[in-house]
Amino acid sequence: IRRPPRSTPLYSSAASDVYKRQMLDLKDKIAIVSGCGSIGDGFGNGRAIATLLARQGAKVIGTDINEEAGNNTSDFIKQEGNDFTFYKVNMTNESDVEEFFNKAETQNKKIDILVNVVGQSEPGGPVEINTSSWQQQFMLNLNTAYFCIKCAIPIMEKNSGGSIVNISSVAALRYVGKPQVAYSASKAALIQMTKTTAVIEAKKNIRLNCVVPGLMHTPLVDRLAQKYAGGDYEGFVRQRHDQVPMGRMGESWDVANAVLFLCSDEAKYITGTELIVDGGLVASTP
């Protein structure tokens, strides 16, 4: 093997600059987090992600269709002394999404990070679920991310790149015990849309990846128990704990930590892949 002369740097100066900074530093980054809201004191994935990105120095712009939930996240992040702006946006309405991104670009001149969190699970196999619910699941779990990506890429291209992280689910990879065919199909489509777009946009230094959460113990579990376990919250929680090789569900902060890594410059050579955060669930099932 022919070795380079000693005077030839093995790494570019731009790459080495990354390691002179504090790790996972998002200072001067503009980050958009859709579905950032959460009711009460609990932390859903969107709230935890927005909070963590803001703690790492990003100027975070959050959206949610629920104004109370969005303002709840906003109040918490601002009380910590970090930079956050909330907008009520219906992410299922493409024109509303376009208007929001135009406003975000005008006010901030750039967008460095986009995290698509909006999603929802509805029960039913292909016979039980009605056509309207099927279409709505694809709208919430796939189309909302598509609308945001479509708007964000041209802005990121002007700024020489960016990072987009989509939140999928292990239900896209495995049957995890809940009959949710539309949710599973739409989350699987989200992964493939991410991979394909990552290849298309790679030369523009725009990275796209998925975080794939497993069974997470968030405020959403209460609603899932109503849908899938007849309201038996304790039994539903116990069942979910037992499904995981580590013996417990994860937390929204586990998802947020994975998102932070993929958004950061430490992940600058990672694109078109998924980071599974599931306590070993996928690895333990055929």
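Residues numbered from 1 in each chain as written. Predicted model: local features only at pLDDT ≥ 70, side-chain atom pairs only at ≥ 80, totals over all residues. Heavy atoms only, no water.

Visitor: Whenever I open this one, the packing of aromatic side chains confuses me. Can you help?
Guide: Between two aromatic rings, the relevant description is the distance of the centres plus the angle of the planes. The tally for this structure, following the rule as stated, stands at six aromatic pairs. On the numbers, 5.2 Å between centres and 80° between planes, the contact of F100 with F101 is edge-to-face. With respect to class, F100 is no different from F101; both count as buried. Taken together, the aromatic side chains of F43, F76 and W253 make up a single cluster linked through ring pairs. The side chain of R47 reaches across the aromatic face of F43, ending 4.1 Å from its centre. The cationic tip of K178 hangs over the ring face of Y228; the distance from NZ or CZ to the ring centre is 5.7 Å. (Phe/Tyr/Trp six-rings, centres within 6.5 Å; stacked < 30°, edge-to-face > 60°. Buried < 20%, exposed > 50% of the residue type's maximum accessible area, 1.4 Å probe, protein only. Lys NZ or Arg CZ within 6 Å of the ring centre and 35° of its normal.)

Visitor: How should I be thinking about the layout of surface pockets in this particular structure?
Guide: Gaps left between atoms are located by rolling a probe of water-molecule size over the structure's atoms. If you add up the space inside the largest pocket, you get close to 1200 Å³. If you go around the largest pocket, you meet 45 residues; those closest to its centre are V117, G119, Q120, L220 and R223. Put simply, the parts of the chain that give the lining of the largest pocket at least two residues each are α2 (45-55), β2 (59-64), α5 (131-158), α6 (181-201) and α7 (220-228). In terms of residue count, the dominant contributor to the lining of the largest pocket is α7 (five residues). Split by residue class, the lining of the largest pocket holds 20 nonpolar, 19 polar and six charged. (1 Å grid on protein atoms, 1.4 Å probe; cavity = no way out; pocket = protein on both sides within 12 Å on 5 of 7 lines; lining within 4 Å. Points joined across faces, edges and corners; volume = space filled by probe spheres on them. Helix = DSSP H or I, 4+ residues; strand = E, 2+ residues; numbered from the N terminus. Nonpolar A, V, L, I, M, F, W, Y, C, P; charged D, E, K, R; others polar.)

Visitor: Please clarify how the environment of N209 should be interpreted in this entry.
Guide: Residue placement: N209 occurs in strand β6 (residues 206-213). For N209, the side chain forms a polar contact with the main-chain nitrogen of T273, separated by 3.2 Å. (Polar contact = N/O pair within 3.5 Å; in protein donor to acceptor, adjacent residues only side chain to side chain.)

Visitor: Even after reading the chapter, I still don't get helix α8 (residues 233-243), so can you show me in this structure?
Guide: Along an α-helix, residues three or four apart share an orientation, since each turn contains 3.6 residues. Buried within α8 we find G235, F236, V237 and R240. Of the surrounding elements, those touching the buried residues of α8 are α7. (Contact = heavy atoms within 4.5 Å.)

Visitor: Can you walk me through the sheet that holds β6 in this structure?
Guide: Strand pairing in a sheet relies on backbone hydrogen bonds. The paired strands run either parallel or antiparallel. Read across the sheet, seven strands follow the order β3-β2-β1-β4-β5-β6-β7 without closing on themselves; strand pairing throughout is parallel. The open sheet is flanked by β3 (84-88) and β7 (274-277), the only strands paired with a single partner. Across the sheet, the axes of successive neighbouring strands diverge by a mean angle of 15°, strand direction being ignored. Examined bridge by bridge, β2 and β3 share five bridges and lie parallel to one another. If you follow V60 over to β3, its bridge partner there is F84. The strands touched by α5 within the sheet are β4 (113-116), β5 (162-167) and β6, with β4 carrying the most contacts at an inclination of about 175°. (Pairing = 2+ DSSP bridges. Axes fitted to C-alpha atoms, helices over the stretch in contact; angles between N-to-C directions.)

Visitor: Would you take a moment to explain the nonpolar core for this structure?
Guide: In globular proteins that are soluble, nonpolar side chains generally tend to be buried together. Counting 31 residues, the largest nonpolar core has I49, L53 and V115 as its most contacted members. Residue assignment for this core shows that the elements contributing at least two residues are β1 (30-34), α2, β3, β4, β5 and α9 (252-263). Tallying contributions element by element places α9 first for this core, with seven residues. Sequence-distant contacts of L53, that is, excluding residues within four places in its chain, are made with L26, A31, V33, A58, V60, I113, V115 and L260. In terms of nonpolar packing, the next biggest core, distinct from the first, is built from 29 residues, I30, F101, I164 and A198 among them. (Core = buried A, V, L, I, M, F, W, Y, C linked by side-chain atoms within 4.5 Å.)

Visitor: It is not clear to me how the packing of α7 against α8 should be interpreted in this structure. Could you clarify?
Guide: The packing of two helices is summarised by the inter-axis angle and the distance between the axes. Where α7 meets α8, the axes come as close as 9 Å, and the angle between the chain directions of the two elements is 100°. Considered as vectors, α7 and α8 are oriented roughly perpendicular to each other. Along the contact surface, α7 presents V221, D222, L224, A225 and Y228, while α8 presents Y233, F236, V237 and R240. Its residues placed into classes, the contact of α7 with α8 shows seven nonpolar, no polar and two charged. (Parallel < 35°, antiparallel > 145°, perpendicular 65-115°, else oblique.)

Visitor: I would appreciate a short explanation of the side chain of R47 in the present structure.
Guide: Secondary-structure assignment places R47 in helix α2. Buried within the structure, R47 lacks any salt-bridge partner; its nearest side chain of opposite charge belongs to D41, at an N-O separation of 5.7 Å. If we ignore the near neighbours within four places in the chain, the residues touching R47 are C36, S38, G40, D41, G42, N72, T73 and F76. (Lys, Arg positive; Asp, Glu negative; His and termini not counted. Salt bridge = Lys/Arg side-chain N within 4 Å of Asp/Glu carboxyl O.)

Visitor: What exactly am I supposed to notice about empty space enclosed by the protein here?
Guide: Tallied over the full model, the rule gives one cavity of 30 Å³ or more. By volume, the largest cavity amounts to about 40 Å³. If you go around the largest cavity, the residues you meet are N116, V118, N141, T144, A145, N166, I167, K187 and L190. For the lining of the largest cavity, the leading source of residues is α5, giving three residues. Tallied by class, residues from the lining of the largest cavity come to four nonpolar, four polar and one charged.

Visitor: Please explain the environment of T144 as it appears in this structure.
Guide: Note that T144 resides in helix α5. Among all residues touching T144, those that are not within four sequence positions of it are M91, T92, V118 and M139.

Visitor: When you look at the side chain of S252 in this model, what are you seeing that I'm missing?
Guide: Turning to its location among the elements, S252 is positioned in helix α9. S252 sits in the buried class, given a relative accessible area of 3%. The contact partners of S252, leaving out residues within four places of it in the chain, are F43, G44, N45, A48 and T218.

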